[in-house]
Amino acid sequence: MHTNDKRPELSRLEYRLLNDFQRDFPLTSRPFLAIAEELGTDEETILKTLEGLVERKMISRLGPVFRPRRLGASTLAALAVPEDQLETVAAMVSAYPAVNHNYEREHLFNLWFVVTAASEEEIEKVLNDIRDRSRCRLLNLPMEDAYHIDLGFPLWC
Amino acid sequence: MGNIFIDAFRQQTPIDFSDEFSRRLIKATQGGLPVSPTPYADIARQLGVSTEAVITRLTQMLEAGAIRRIGAVPNHYALGYRGNGMSVWDVPDDAVDEVGREIAALDFVSHCYQRPRFDDKWPYNLFAMVHGHNRDEVMARIEEMQAMLGDRVCSHDILFSTKILKKTGFRL
C-alpha cells in the first residue's frame, strides 16, 4: 500500500456494479431488475446504490459509449513547449474547438492533444495554425490501427 | 483476448446511423441513461417513440460497432487510479500486430494503438495507456510488459500526465 493512494471505500455490491457492468448492460425493459436478479438483490437496492455512486462521482455515467463517427478525421498531436511558455501555449491549444483532449505530460514533448475535424484538410489547417502560433516542434501521429479501444477494464480494489 | 478485440474492430459493417431518429437517440443517451426502473421507456417517451424502437436501435448500433459498449463508465480518477501513463514502444514493423494484440489483452491497458514513427527522436509506433493506482504501480506494470516482450521491442518510454487541461467526450 502506498501513501499516495486515494482508494475509496466500496461495498461489495458497489464494486460489482462498477466492475461487472462496464459492458453488456441489459437491453431489456427492466435492466436494473435483471442486474438485481444476477446479483441476488432487489431492483430498488441496485438503483439506490447506483445513485449513490453517481452522487459520489465514482461513476461518470451509465449508458452507451459511442464510437466517434467514422466520417471525419482525428489525430494525436504533441508539442515540445519550453517550460516557461507551457501555460500560454496550453491555453491557446485548448481554445480550439477541434481539440477535445489536451494533457500535460512529463517529456520533451510535453503537451499532448487530440484534434478531431470533418476532414484531414481541416486537421492539417488546425495543426499548421498551432505550429505557427506556438513556434514549437510538433508531432502528428494519426492512428494506423487499434488493438483495444475503451471496452472497459477491470478494477482491482 | 487481443484477437477478439481487433476482429471486433475490423469487422464493423458501415451502417449509416445519421438518420433523424439515430441522431436524437445518440443525443438523448450520450450523457447517460436515466437511473430509473425503466430507462429505455423514459428515453422513448422523451423522443415520442416506442420502447421497442429504442432498444432495437441501440442493439443495432452495438452490433454494428457504432456503440462500443453499454454499461457503467467508472470515474477512474475518483476510484483511485491516479497513476495513468502513456507507454510508447518501438516495435519492428513485422512484429507490431502480434505485440499490439498481446499488449491489448493485458487487463491494465485501456487503449492500444499503432501510430506512425515520426523521426529518430520519436521512433515509437505502438501506444498503450497503462493504468494503476500510482506511479510505482504503473512502473511495475511497464516492467512486466518489458519482460513479456523481451527483445521484440527496441526501445520504449513512459509519459505520465501531470495535468488534464481539456477533456471533452464525444458530443453530437
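Reading guide: rules and limits
- Every chain's residues receive numbers from 1 upward, in the order its sequence appears when written.
- The lettering of chains begins at A and the numbering of ligands begins at 1, in the order of writing.
- In keeping with the predicted nature of the model, local features appear solely for residues at pLDDT of at least 70, side-chain atom pairs appear and are counted solely at 80 or more, and the whole-chain, interface and lining totals rest on all residues.
- For side-chain calculations, the full set of non-hydrogen atoms in the structure is used, while hydrogens and water are omitted.
- By the criteria applied, helices consist of DSSP H or I runs no shorter than four residues and strands consist of E runs no shorter than two, each listed in order from the N terminus.
- Think of it in three bands: residues with accessible area under 20% of the maximum for their type are buried, residues over 50% are exposed, and the middle band is partly exposed, with areas taken using a 1.4 Å probe on protein chains only.
- Here, two residues are considered to be in contact whenever any of their heavy atoms come within 4.5 Å of each other.
- Accessible surface is estimated by sampling points in the Shrake-Rupley manner with a 1.4 Å probe; for residues, cover comes only from the protein chains shown.
- Confidence scores here are pLDDT values: one per residue, from the predictor, ranging 0 to 100.
- In this description, buried area is defined as the sum, over both parts, of the accessible area (probe of 1.4 Å) that is lost when the two are combined.
- Definition used for salt bridges: Asp or Glu carboxyl oxygen within 4 Å of a side-chain nitrogen of Lys or Arg.
- Two N or O atoms count as a polar contact when they lie within 3.5 Å, although within protein this holds only if one can serve as hydrogen donor and the other as acceptor, and sequence-adjacent residues are included solely when both atoms are side-chain atoms.
- In this analysis, the expected span of each helix is defined as 1.5 Å times one less than the number of residues it contains.
- In this description, the arc belongs to the directions extending from the helix axis to the C-beta atoms.
- Note on aromatic contacts: the rings of Phe and Tyr and the six-membered ring of Trp form a pair at centre separations within 6.5 Å, being stacked when their planes are under 30 degrees apart, edge-to-face when over 60 apart, and tilted otherwise.

Colleague: Outline the overall build of chain A, supporting the account with residue identities and numerical values.
Modeller: Looking only at helices and strands, one finds five helices and six strands in chain A. Ordered by position from the N terminus, the helices and strands of chain A form the series α-α-α-β-β-α-β-β-α-β-β. Across the 157 residues of chain A, 48% fall into the buried class. At a minimum sequence separation of 6, the contacts of chain A that also span at least 24 residues come to 62%. Summing over all exposed atoms, chain A offers an accessible surface of approximately 8200 Å²; the carbon and sulfur share of this is 49%.

Colleague: Describe the confidence of the model for chain B, with residues and values.
Modeller: All names here are of chain B. For chain B, the average pLDDT comes to 86, and 88% of its residues sit at 70 or higher. Here helix H1 (residues 2–10) stands out as the element of chain B with the lowest mean pLDDT, 41, in contrast to helix H3 (residues 39–47), whose mean of 98 is the highest. Low pLDDT, under 50, characterises residues 1–13; the predicted model gives this stretch 25 contacts beyond four residues in sequence or across chains.

Colleague: Report on the interface of chain A and chain B, specifying residues and quantitative values.
Modeller: Across the boundary between the two partners, chain A contributes 76 residues, which contact 86 residues of chain B. Taken together, the two surfaces of chain A and chain B that pack against each other cover about 8000 Å², and 60% of this comes from carbon and sulfur. When the buried area of chain A at its contact with chain B is split by residue, Leu 27, Phe 66 and Tyr 147 of chain A rank highest and sum to 12% of it. For the pair chain A and chain B, the number of links is two salt bridges. Its salt-bridge partner being Arg 135 of chain B, residue Glu 106 of chain A comes within 3.0 Å of it at the nearest N-O pair. In this structure, the connection of chain A to chain B is made through 23 residue pairs in polar contact (both at pLDDT 80 or more). No other element matches the eight residues that strand E1 (residues 59–66) of chain A contributes to the side of chain A that touches chain B.

Colleague: Please set out helix H6 (residues 135–149) of chain B residue by residue, giving values where relevant.
Modeller: All names here are of chain B. With 15 residues, H6 ought to run about 21 Å at 1.5 Å a step, and its terminal C-alpha atoms sit 21 Å apart, in line with that. Listing the buried residues of H6 in full gives Glu 137, Val 138, Arg 141, Ile 142, Met 145 and Leu 149. Angularly, the buried residues of H6 cover 140 degrees about the axis, an arc narrow enough to put them on a single face. Exposed side chains of H6 directed beyond 90 degrees from the buried face belong to Glu 143 and Ala 147. Contact partners of the buried residues in H6: strand E2 (85–90), helix H5 (96–104), strand E3 (109–114), strand E4 (126–130) and strand E5 (155–167). One side-chain oxygen of the residue at the start of H6 lies 3.2 Å from the amide nitrogen of Asp 136, identifying that residue as Asn 134. Looking one or two places after H6, you find Gly 150, whose phi comes out positive at around 55 degrees.

Colleague: Lay out the pattern of salt bridges with the relevant residues and their values.
Modeller: Counted according to the given criterion, the structure contains 13 salt bridges over all chains. Put simply, Glu 44 of chain A and Lys 48 of chain A hold a salt bridge, and the shortest N to O gap is 3.1 Å. Placement of both Glu 44 of chain A and Lys 48 of chain A in helix H3 (residues 43–55) is noted, with a separation of four residues, approximately one turn of the helix. A relative accessible area of 54% places Glu 44 of chain A in the exposed class. For Lys 48 of chain A, a relative accessible area of 55% gives the class exposed. Members of the salt-bridge network, linked through shared partners, are Asp 90, Asp 93 and Arg 117 of chain B.

Colleague: Tell me about the environment of Ser 155 of chain B, residues and numbers included.
Modeller: All names here are of chain B. Among the secondary structure elements, Ser 155 is positioned in strand E5. Separated by 67 residues in sequence, Ser 155 and Val 88 place their C-alpha atoms 8.6 Å apart. Ignoring anything within four residues of it in the chain, the contact list for Ser 155 reads Val 88, Trp 89, Asp 90, Pro 123 and Tyr 124.

Colleague: So what about the packing of aromatic side chains? Which residues, and what values?
Modeller: Evaluation of the coordinates by the stated rule reveals six aromatic pairs over all chains. Taking the centre distance of 5.2 Å and the plane angle of 50 degrees together, the rings of Trp 112 of chain A and Trp 122 of chain B count as tilted. Of this pair, Trp 112 of chain A sits in strand E4 (residues 111–117) while Trp 122 of chain B is found in the loop between E3 and E4, placing the two residues in two different chains. The buried category is assigned to Trp 112 of chain A, whose relative accessible area is 2%. A ring pair is formed by Trp 122 of chain B and Tyr 124 of chain B, whose centres lie 4.9 Å apart and whose planes are at 85 degrees; its orientation type is edge-to-face. Summarising the burial analysis for this pair, Trp 122 of chain B and Tyr 124 of chain B share the class buried. Here the aromatic residues Phe 109 and Trp 112 of chain A together with Trp 122, Tyr 124 and Phe 127 of chain B are joined through ring pairs into a cluster of three or more.

Colleague: So what's going on with the side chain of Ser 134 of chain A? Which residues, and what values?
Modeller: Residues and elements named next belong to chain A. By secondary structure assignment, the location of Ser 134 is in helix H5 (residues 120–134). We classify Ser 134 as buried; its relative accessible area is 6%. One polar contact links the side chain of Ser 134 to the main-chain carbonyl oxygen of Ile 130, over a distance of 2.8 Å. Not counting residues up to four positions away in its chain, the partners in contact with Ser 134 are Leu 79, Gln 85, Val 89 and Met 92.

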